[in-house]
Amino acid sequence: IRPYEGANADPALVARYEIDQPGCTLDEDFSTDGFQLFDTQAYCNPESCLIAALAEIRPETGAVGAPRIVALLRATVAISHYRYFLLGLTAAGSLDPNFGAPGTGIREVTAAALGTLQSGATMTVDDQGRILLLMTRREAGTTSDLDVMALRYTAAGALDAAFGANGLMTIQDS
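Residues numbered from 1 in each chain as written. Predicted model: local features only at pLDDT ≥ 70, side-chain atom pairs only at ≥ 80, totals over all residues. Heavy atoms only, no water.

A. Fine view of a nonpolar patch on the surface. Where nonpolar side chains cluster on the molecular surface, the patch consists of Y17, L26 and F35 and spans about 230 Å² of accessible area. The residue Y17 is located in the loop between β2 (13–15) and β3 (35–37) in this model. (Patch = residues over 30% accessible without salt bridge, like charges linked within 9 Å, V, L, I, M, F, W, Y side chains within 5 Å. Areas by Shrake-Rupley, 256 points an atom, 1.4 Å probe, with all protein chains shown as cover. Salt bridge = Lys/Arg side-chain N within 4 Å of Asp/Glu carboxyl O. Helix = DSSP H or I, 4+ residues; strand = E, 2+ residues; numbered from the N terminus.)

B. Summary view of the side chain of D96. Relative to the assigned elements, D96 resides in the loop between β6 (81–89) and β7 (106–108). Among all residues touching D96, those that are not within four sequence positions of it are R68, G88, L89, T90, T104 and G105. (Contact = heavy atoms within 4.5 Å.)

C. Seen up close, the confidence of the model for the chain. Considering every residue of the chain, the mean pLDDT works out to 82; 83% of them sit at 70 or more. Overall, residues 4–9 carries pLDDT values under 50, and its contacts beyond four positions in sequence, including any with other chains, amount to 5 contacts. (pLDDT = per-residue confidence, 0-100.)

D. Region of the structure containing the sheet that holds β7. With antiparallel pairing, the 4 strands of this open sheet are ordered in space as β4-β5-β6-β7. Where the open sheet ends on each side, the last strands, each with one partner, are β4 (48–57) and β7. Across the sheet, the mean angle from the axis of one strand to that of its neighbour is 20°, orientation sign disregarded. Note that strand β5 (residues 68–78) and β6 share 9 bridges and pair antiparallel. In the sheet register, L73 faces β6, and the bridge partner there is F85. (Pairing = 2+ DSSP bridges. Axes fitted to C-alpha atoms, helices over the stretch in contact; angles between N-to-C directions.)

E. Focus on the pattern of salt bridges. On inspection of all chains with the given rule, the structure shows 6 salt bridges. A salt bridge links D96 to R68; the shortest N-O distance between them is 2.9 Å. Of this pair, D96 sits in the loop between β6 and β7 while R68 is found in strand β5, placing the two residues 28 residues apart along the sequence. Its relative accessible area of 8% is what places R68 among the buried residues. (Buried < 20%, exposed > 50% of the residue type's maximum accessible area, 1.4 Å probe, protein only.)

F. Quick peek at the nonpolar core. Formed by 23 residues in total, the largest nonpolar core has its most connected members in L72, L86, V109, M123, I131, L133 and L151. At the level of secondary structure, the elements contributing two or more residues to this core comprise β4, β5, β6, β8 (116–125), β9 (131–138) and β10 (146–153). Excluding anything up to four places from it in sequence, I131 contacts I57, V70, L86, F99, M123, T124, V125, L151, R152, Y153 and T154. In terms of nonpolar packing, the next biggest core, distinct from the first, is built from 16 residues, A12, V14, Y43 and C49 among them. (Core = buried A, V, L, I, M, F, W, Y, C linked by side-chain atoms within 4.5 Å.)

G. A look at the pairing of β6. The element β6 is largely enclosed, with a buried count of 7 among its 9 residues. Counting the residues in the hairpin turn of β5 and β6 gives 2 residues, including S80, whose phi is positive at 60°. Of the pairings in the sheet, the one linking β6 to β7 comprises 3 bridges and is antiparallel in character. Paired with L87 across the two strands is I106, which belongs to β7.

Right, dumping it as structure tokens:
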């Protein structure tokens, strides 16, 4: 599974390839075409979207019964202003209704303390299936004061209140 990495970072596309086939053969068991496009959804329209990171939550973590793919999607709203979304995908490439807001497979990355999110963001999954995000934000009332923030979500896409202050921790406050 990998995000699209063309010359232009758009579109928000995830593709899965057959590893036991020569060359780059799309896996048609993933979304029947081997890829799934996410830039036509309401959260990307009219913003420009891209997949910033991908991770997999495996059943061995005890957090999920079947593999779940998590995509971090970045929507550009304006210059230096972004919205981020976590997308939970099934192994077949469709939005997982057991992830994020009930029945949607989508969770917007938001918290009152986040401020204005910048372009720097990355994601990983820990050995318990929790989703960890590192993001940069611009402090309110400033034009250049950037902080690094860590957020933790459960495997179901809910902000993990047991982490930091209600799921959010400031790593660097400059």
